[in-house]
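# Close look at the chain arrangement
This is what each chain is made of:
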Amino acid sequence: MPDTTRMTTNTLEPYWMPFTANRQFKSAPRMMVSAKDMHYTDGDGRRVLDGTAGMWCVNAGHCRQEIVEAVQAQVGRMDYAPAFQWGHPGAFELAAKIAALCPGDIDHVFYSNSGSEAVDTALKIALAYWRAKGQAHRTRFIGRERGYHGVGFGGTAVGGISNNRKQFGNLLAGVDHLPHTLNLKEMAFTRGQPSWGAHLADELERLVALHDPSTIAAVIVEPVQGSTGVIVPPQVYLQKLRQICDKHGILLIFDEVITGFGRLGTPFGAQYFDIVPDMITMAKGLTNATVPMAATAVRKFIYDGMMDGPQHVVELFHGYTYSGHPLACAAGLATLEIYAKEGLFERAKNLAPYWEDALHSLKGVRHVVDIRNLGLMGAVELEPHAGAPGVRTFEAYIKCFEHGLLIRQTGEVLALSPPLIVEKKHIDEIVATIRKVLADLP
Ligand code: PXG
């Protein structure tokens, strides 16, 4: 076995790391080597409290025995089964369990391997559905500023992060964006959903009028914007988006890659907001991140609408070698069982008020200009150094790590999303560490 704790800088070089300042990292690498429940152990043997469930994905905590054993058993029984024109029992069993967790009549599940693929799948299903319904002119997508929908060309196009878009040319044609809803002047330090901002949903009416409803296939939004710093939707904003989509016959896609699987105390954000979208994209918590897996779940009318033409003809010319991979299905089934057995979604719901109070106790701490929370998501926004965006939060991020706490840094925001097994003592530790780090930070 290679000793991954003692690598030289030379051996670091070949790996081109994703979304990472490679040269900076390789000059001072941070390595994780093992993990259990709420903690990582880093390359120096230090325990690091996981304040972000890895990257918003290890919702049941690390290296859960039941998941490990399920994957081990599956890899010994059958490593792989062809995904096209063949099946294996786990894929069907898991699809039924996912559908049962989904709201309303969302009852069919298409598998992929990452949130990015789940999003591109949803966009392709939308186009294919409208074509099947004789409305092939509905090709346009509406995303939102500051939205993150992964890194495929479709997801990048409907996403609203200029850094993620600017290197990659024209992306997908025919995409427009709603404005984001963050406004510190109107909503700083709001607990939960802001009361200001529902009117921003009316911007969808403006875009629909501009492009004509007959050209629009779907609107895609994250119920709570995660990656760009936990932007909580204003009260009734999402309900208004649903109404406007209904009025114009436009499909509404909720990207629940982060908000899925209990993050808000409900199976999906859709239930938290009491909305039935037409499709839900999910990944991350689906397998507790043990094996990569994602899914796009659709309402009955979408699946039924695609089941036309001769019986022997493929209905959707789309899929991946690893769609419904046996190891991922084994991990997914074991994960969903843990969520149910331990009541982890309910646990998140019950802990959310404690989480909210703890986070908001940081109000007044040096550099803090906003605190946001919903469910077990949280964000602390800092005043940047003049002329140096992102530098102060990066310093805070590194200092937290040195103090044994893993958080996420995005722009001017420190983002938090602990595993749902988090205990009050861990929440206290997360907040105390951030408090200390910020007090000492220039
Ligand atoms: N949609 C949403 C809403 C996401 O948050 C994706 C799609 C893409 O998933 P994949 O599996 O292709 O990465 C995501 C991913 C962060 C962070 O720190 C967030 C994500 C990934 C990595 C880091 O905010 N979200």
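Residues numbered from 1 in each chain as written. Predicted model: local features only at pLDDT ≥ 70, side-chain atom pairs only at ≥ 80, totals over all residues.

### Some details on the overall build of the protein
What counts is decided by this rule: The numbering of helices and of strands both runs from the N terminus, where a helix is a DSSP run of H or I of at least 4 residues and a strand a run of E of at least 2. We compute the radius of gyration over the C-alpha atoms and compare it with the globule rule, which gives 2.2 Å times the number of residues raised to the power 0.38. We call two residues in contact when their backbone-placed C-beta atoms lie within 7 Å.
Scanning the protein from terminus to terminus reveals 17 helices and 15 strands. Taken against the 2.2 N^0.38 rule, which gives 22 Å for 442 residues, the C-alpha radius of gyration of the protein at 22 Å falls within 12% of a compact globule. Each of the three principal axes of the protein carries a C-alpha extent, and together these read 65 × 55 × 45 Å. Sequence separation of at least 24 residues holds for 72% of the intrachain contacts in the protein that already meet a minimum separation of 6.

### A word on helix α14 (residues 326–341)
Threshold: Helix span, as expected, comes to 1.5 Å for every residue beyond the first. Counting other C-beta atoms within 10 Å of its own, a residue is labelled buried from 20 upward, exposed at 12 or fewer, and partly exposed in the gap between, with every C-beta atom placed from the backbone.
A rise of 1.5 Å per residue sets the reference length of α14, with its 16 residues, at 22 Å; its end C-alpha atoms lie 22 Å apart and thus fit the reference within 8%. Buried within α14 we find P326, L327, A328, C329, A330, A331, G332, A334, T335, L336 and Y339. The elements touched by buried residues of α14 are α4 (65–77), α5 (89–101) and α15 (344–360). One or two steps after α14, the chain reaches G343, where phi turns positive at roughly 55 degrees.

### Focus on the domain arrangement of the protein
Rules: Residue ranges for the domains originate in an automatic or database domain assignment. The classification used treats Ala, Val, Leu, Ile, Met, Phe, Trp, Tyr, Cys and Pro as nonpolar, Asp, Glu, Lys and Arg as charged, and all other residues, Gly among them, as polar.
For the protein, the domain assignment lists domain 1 (9–60 + 343–440) and domain 2 (68–339). Contact residues are listed per partner, giving 32 residues for domain 1 and 27 residues for domain 2. Elements with a contribution of two residues or more to the side of domain 1 that touches domain 2: α3 (53–56), α15, β11 (368–374), β12 (377–382) and β15 (413–416). It is α15 that provides the largest number of residues to the side of domain 1 that touches domain 2, a total of 7 residues. Class assignment of the residues belonging to the side of domain 1 that touches domain 2 gives a composition of 17 nonpolar, 9 polar and 6 charged.

### Some details on the site of the ligand
The condition is simple: All residues are tested the same way: a C-beta atom is placed from the backbone, and lying within 6 Å of a molecule or strand makes the residue near it.
Around the ligand, a shell composed of 18 residues is seen, among which S114, G115, S116, G150 and V257 lie nearest. Residue assignment for the shell around the ligand shows that the elements contributing at least two residues are α3, α6 (115–132) and β14 (408–410). The element that contributes the greatest number of residues to the shell around the ligand is α6, accounting for 3 residues. For the shell around the ligand, a count of residues per class yields 7 nonpolar, 8 polar and 3 charged.

### So, the nonpolar core
Put simply, the rule reads: By our criterion, buried Ala, Val, Leu, Ile, Met, Phe, Trp, Tyr and Cys residues that link up through C-beta atoms within 7 Å make up a nonpolar core.
Counting residues in each nonpolar core, the largest one holds 121 residues, and the members touching the most others are V219, L241, A295, A297 and L414. Lining this core are residues from two domains, each supplying at least three of them: domain 1 (9–60 + 343–440) and domain 2 (68–339). Those residues in contact with L241 that lie beyond four places of it in its chain are A201, L204, V219, V221 and L252.

### Re the pairing of strand β8 (residues 251–255)
Within a regular strand, the side chains alternate between the two sheet faces. So the rule is basically this: Strands qualify as paired when DSSP identifies two bridges or more between them. Handedness rule for crossovers: strands pointing away from the viewer, path from the first strand over the helix to the second running clockwise, crossover right-handed.
Most of β8 sits out of view: 5 of its 5 residues are buried. Of the two faces of β8, both are covered, the one formed by L251, I253 and D255 as well as the one formed by L252 and F254. When strand β7 (residues 216–221) meets β8, the two strands line up parallel, connected through 4 bridges. Residue V221 lies in a different strand from β8, and its bridge partner there is F254. Crossover connection from β7 via helix α11 (residues 237–248) to parallel β8: handedness right-handed. Of the strand pairs in this sheet, β8 and strand β9 (residues 279–282) are connected by 3 bridges, and their pairing is parallel. If you follow F254 over to β9, its bridge partner there is I280.

### Looking at the pairing of β15
Along β15, one buried face is formed by V413 and A415 and the opposite face, lined by L414 and L416, is buried too. In this sheet, β15 lies alongside β12 in antiparallel orientation, the contact comprising 4 bridges. Considered in β15, the bridge of A379 is made with A415. Pairing between β14 and β15: 3 bridges, direction antiparallel. The residue bridging Q409 from the neighbouring strand is L414, located in β15. The turn linking β14 back onto β15 is made up of 2 residues, and G411 within it adopts a positive phi angle of 55 degrees.

### Considerations on the sheet that holds β15
Either a parallel or an antiparallel arrangement is found when strands of a sheet pair, and the pairing is made through backbone hydrogen bonds. Rules: Lines fitted to the C-alpha atoms define the axes, with helices restricted to the stretch that makes contact. Angles between their N-to-C directions range from 0 to 180 degrees.
Pairing is antiparallel in the open sheet, where 4 strands are placed in the order β11-β12-β15-β14. Single-partner strands in this sheet number two, and they are β11 and β14. Direction aside, the axes of adjacent strands within the sheet are offset by 20 degrees on average. Bridge analysis of β11 against β12 gives 6 bridges, and the strand direction is antiparallel. When the bridges of β12 are listed, V368 appears paired with L382. In this fold helix α16 (residues 391–402) packs onto β12, β14 and β15, with an angle of close to 40 degrees to the strand it touches most, β15.

### Looking at the sheet that holds strand β2 (residues 39–42)
Strand order in the open sheet formed by 4 strands is β1-β2-β3-β13, and the pairing between neighbours is mixed. A single partner strand is all that each edge strand has here, and the edge strands are β1 (32–36) and β13 (405–406). One ladder, built from 2 bridges, connects strand β3 (residues 47–50) with β13; its direction is parallel. The partner of L49 across the bridge, within β13, is L405.

### As for unusual backbone geometry
With phi around 65 degrees, R146 is a residue other than glycine that occupies positive phi space. Summarising the element assignment, R146 is placed in the loop between β5 (140–144) and α7 (153–158). For N288, which is not glycine, the phi torsion reads 60 degrees and is therefore positive. Here N288 is to be found in the loop between β9 and β10 (294–299).

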